[in-house]
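Residue-level structural notes
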Amino acid sequence: MAQQKGCLSSHRLLSSDRSANSSDFNLNRSLQRVAGLKQAYRSRFMKWFKTRSNHYPTQEQRLLLHAALFQGEEAVNRWQQWRDAVDIETLDSESYHLLPLLCQNLVAHQVEDTHMARLKGVYRRHWYANQLLLKQAKSVITSLRENQIEAIVLQDAALATTYYQDFADRPMYSLEFLIHPDEVVSTIQILQSLGWTLSSTEPLETLITRSVLALTNQAQQQLYLHTHIFWAIPQNYTDEQVWKSRIPGQVSEVPISILDPTDQLLFICLRSKHEGQQHRIHWLVDAFMLLKPSAKIDWGRLVAQAQRYQLVLPLKNLLILLQKVLNVVIPNWVIPNLDLIPISQFELLEHQIFLNHKKLILKANLLRLYYRFVHLKNQAIQLLSIGSLVHRAQ
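Residues numbered from 1 in each chain as written. Predicted model: local features only at pLDDT ≥ 70, side-chain atom pairs only at ≥ 80, totals over all residues. Heavy atoms only, no water.

1. Re the confidence of the model for the chain
Keep this limit in mind: Values of pLDDT, which run from 0 to 100, indicate the predictor's confidence residue by residue. We call two residues in contact whenever any of their non-hydrogen atoms come within 4.5 Å of each other.
Of all residues in the chain, 74% attain a pLDDT of 70 or more, and the chain-wide mean is 83. Here residues 8-20 scores under 50 on pLDDT; set against residues more than four positions off or in separate chains, the count is zero contacts. Note that pLDDT drops below 50 for residues 48-54; the model gives that stretch twelve contacts with residues more than four away or on any other chain.

2. Observations concerning the packing of helix α2 (residues 59-69) against helix α3 (residues 72-85)
Applicable threshold: Throughout, an axis means a line fitted to C-alpha atoms (over the contacting stretch in the case of helices), and angles, computed between N-to-C directions, take values from 0 to 180 degrees. Only DSSP runs of H or I reaching four residues or more are called helices, and only runs of E reaching two or more are called strands; each is numbered from the N terminus. Helix crossings fall into two classes, left-handed where the near helix is turned counterclockwise from the far one by less than a right angle and right-handed where it is turned clockwise.
It is the contact of α2 with α3, at a shortest axis distance of 8 Å, that shows an interaxial angle of 145°. Between α2 and α3 the crossing geometry is left-handed. Note on element contacts: α3 touches α2 through A75, R78, W79, Q81, W82 and A85, opposite E60, L63, L64, H66 and A67.

3. Topic: empty space enclosed by the protein
Counted only if it meets this: Points on a 1 Å grid over protein atoms alone make up a cavity when a 1.4 Å probe fits among them but cannot get out, and a pocket when they form an open set with protein on both sides within 12 Å along at least five of seven lines; lining residues each have an atom within 4 Å of a point. Grid points are joined across faces, edges and corners, and a volume is the space filled by probe spheres set on the points. Three residue categories are used. Nonpolar comprises Ala, Val, Leu, Ile, Met, Phe, Trp, Tyr, Cys and Pro, charged comprises Asp, Glu, Lys and Arg, and polar comprises the others, including Gly.
This structure, assessed with the given rule, holds two cavities of 30 Å³ or more. Empty space within the second largest cavity amounts to approximately 30 Å³. Lining the second largest cavity are L178, T227, H228, I229, D239, V242 and W243. The biggest single contributor to the lining of the second largest cavity is helix α10 (residues 235-245), with three residues. Its residues placed into classes, the lining of the second largest cavity shows four nonpolar, two polar and one charged.

4. Notes on unusual backbone geometry
Of the consecutive residues I233 and P234, the connecting peptide bond is found in the cis state with omega at 0°. Not every positive phi belongs to a glycine, and Q155 is a case in point at roughly 50°. As for its placement among the helices and strands, Q155 is situated in helix α7 (residues 155-162). One non-glycine residue, N327, lies in positive phi territory at about 60°.

5. Remarks on the pattern of salt bridges
The cut-off we apply is this: Here a salt bridge means any side-chain nitrogen of Lys or Arg lying within 4 Å of a carboxyl oxygen belonging to Asp or Glu. For the exposure calls, accessible area comes from a 1.4 Å probe over protein chains only, and a residue counts as buried if that area is under 20% of its type's maximum, exposed if over 50%, partly exposed in between.
All told, the structure shown has twelve salt bridges when counted by the stated rule. Across the pair D260 and R301 runs a salt bridge, and its minimum N-O distance is 3.1 Å. With D260 in the loop between β7 (254-258) and α11 (261-275) and R301 in helix α13 (residues 299-308), this pair connects stretches of sequence that are 41 residues apart. Both residues of the pair, D260 and R301, belong to the buried class. Salt bridges here are not isolated pairs; linked through shared partners, they connect R83, D84 and D113.

6. Structural notes on the sheet that holds strand β3 (residues 197-198)
Rules: Two strands are counted as paired when DSSP detects at least two bridges linking them.
Read across the sheet, seven strands follow the order β3-β4-β5-β2-β1-β7-β6 without closing on themselves; strand pairing throughout is mixed. At either margin of the open sheet sits one strand with a lone partner, and together these are β3 and β6 (247-251). With two bridges connecting them, strand β1 (residues 152-154) and β7 associate as parallel partners. Of the residues in β7, the one forming a bridge with V153 is I258.

7. Some remarks on the nonpolar core
Selection criterion: Side-chain atoms within 4.5 Å link the members of a nonpolar core, which is a set of buried Ala, Val, Leu, Ile, Met, Phe, Trp, Tyr and Cys residues.
Ranked by size, the top nonpolar core spans 105 residues in total, and within it L102, L319, L322 and L326 carry the most contacts. For this core, the element with the highest residue contribution is helix α6 (residues 116-146), accounting for ten residues. Excluding anything up to four places from it in sequence, L102 contacts L64, A67, A68, W79, W82 and L119.

Here it is in structure tokens:
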């Protein structure tokens, strides 16, 4: 009997060992499968990107970029080649965006051409439009400051007035501000008193939960309020780092706060990813201006934050384009280090959107909603905890 019990216990031990080994084997297999899928997604996307980058920018757009951004004889030669290759009167919208910058560069090189009158007309038009937007920006910034509301000026106004030699070199299309989430209602009330109205007709209680709010005025100018620009858990820490890293700037002689160059470059990556094919030359030229030596990019922080914000692929692709198209010097360790960073499933799914996979688009959107749900849930728990503490104190 004792011998039989011993055999049974040995059999159980062997069975448990086998099941444990089987579980470990299945787990390892699953992990290998996930790693293989990630590598396949990544390889597929990089193959697509390399094919795509061979055609973007187009040859004509590259000539225009060189004529607008390069110096000396090379800039003049590229201008002549571009002028002979295109019809200036029927340009695509991306190329048209560069005409003010091109005009200023040609004037600096004392180029005389029959097309200069046309280019100067485009420059004056954007100078006037930018002046109107900057006037509105000054009014908004002054009113917010009078009401003790902090704001960071984002995108067009920040880039045009800080990183370009002349604010009219960079066409502005809207005003954008980053504010603290608990000051959304107060900020909207101030903006409404200045003539801005919310673009959406949804209740304010619903709108204030969003990370971006759109407003317009009677002149049909656009203004966007952001409460978050990067998403990473813990969200409060992410937001604090953005506010902590901000630097001083100036708009129409009014002191402002803007993103530091490292965060600004990451924000360009984020915007270029979300806007897809639109305004791609905008972001390329903006990044070129940011990577001038005077901007002082913190490369170590840039790589680390790209991983936190799931912007590894957009950053890598942007840097490759800058090297390939505009001969920008990137520290030789940066791109190899980006290659070593494991890409999250969410980031890979988002990039599959370029391949028009509807199921993957749905998965990416569901993941984004899930992350935001977790963030809102944590905020609600914090508020409930604070409320219970106040109740007990009373």
